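# An overview of the molecular structure
Next come the chains, spelled out residue by residue.
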Amino acid sequence: MKIFLIIGAINACLAVGLGAFGAHGLEGRLSERMLETFKTGVQYHMYHALGLIGIALAADKLQSAGLINWAGWLMFAGIILFSGSLYVLSLSGIKILGAITPLGGLAFIIAWILLAVAALKL
């Protein structure tokens with residue numbers, strides 16, 4: 001499960017960088033609404049980067065490797081779909097991208113459920 005530690009650390013780094021970019025590079029360039037959309041993407045990006053790190057650390061303790069593996073990949077997919085769509089939406093204004101965001105949210109939800117199920121199987 002070392003891969004989830006690596007992916008989580010890289011995504012935490014990206015979330016910090018994108019957060020700084022949003023705070024310093026986008027203020028005054030985007031509407032307040034689009035800036036808030038971007039910030040939401042950054043928040044969920046960081047939450048789930050930390051979630052990936054947690055999955056990597058918990059993998060040794062949890063015996064359900066299949067569930068943990070699925071949880072990790074779904075969390076990563078959620079970052080791409082949820083946060084990625086919010087980044088592109090806020091920067092481009094292409095509103096149809098908002099239709100992708102809920103798919104990322106669903107991936108997040110399923111990932112957390114799988115993690116809970118894996119923990120319950122201890």
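Residues numbered from 1 in each chain as written. Predicted model: local features only at pLDDT ≥ 70, side-chain atom pairs only at ≥ 80, totals over all residues. Heavy atoms only, no water.

## Some thoughts on the overall build of the protein
Of regular secondary structure, the protein possesses 4 helices and 0 strands. Secondary structure elements in the protein, listed N-terminal to C-terminal, are α-α-α-α. The dimensions of the protein, computed from C-alpha atoms along their principal axes, are 50 × 25 × 15 Å. A total of 122 residues make up the protein; the buried ones form 40% of that total. Long-range pairs, those at least 24 residues apart, make up 77% of the contacts in the protein with a sequence separation of at least 6. (Helix = DSSP H or I, 4+ residues; strand = E, 2+ residues; numbered from the N terminus. Buried < 20%, exposed > 50% of the residue type's maximum accessible area, 1.4 Å probe, protein only. Contact = heavy atoms within 4.5 Å.)

## Remarks on the packing of helix 3 (residues 65-92) against helix 4 (residues 101-120)
Packing of helix 3 against helix 4 brings their axes to within 7 Å, and their N-to-C directions diverge by 155 degrees. The pairing of helix 3 with helix 4 is recorded here as roughly antiparallel in orientation. In terms of crossing hand, the pair formed by helix 3 and helix 4 is left-handed. Looking at the contact of helix 3 with helix 4, its residues break down into 20 nonpolar, 5 polar and no charged. (Axes fitted to C-alpha atoms, helices over the stretch in contact; angles between N-to-C directions. Parallel < 35°, antiparallel > 145°, perpendicular 65-115°, else oblique. Left-handed = near helix turned anticlockwise from the far one by under 90°. Nonpolar A, V, L, I, M, F, W, Y, C, P; charged D, E, K, R; others polar.)

## Quick notes on helix 3
Between its terminal C-alpha atoms helix 3 stretches 39 Å, which fits the 40 Å expected from 28 residues at 1.5 Å a residue. At Gly84, helix 3 is bent by approximately 25 degrees, the largest bend along its length. Looking one or two residues beyond helix 3, the residue adopting positive phi is Gly93, at roughly 80 degrees. (Expected span 1.5 Å × (residues − 1). Bend = angle between axes of the 7 residues up to and from the residue.)

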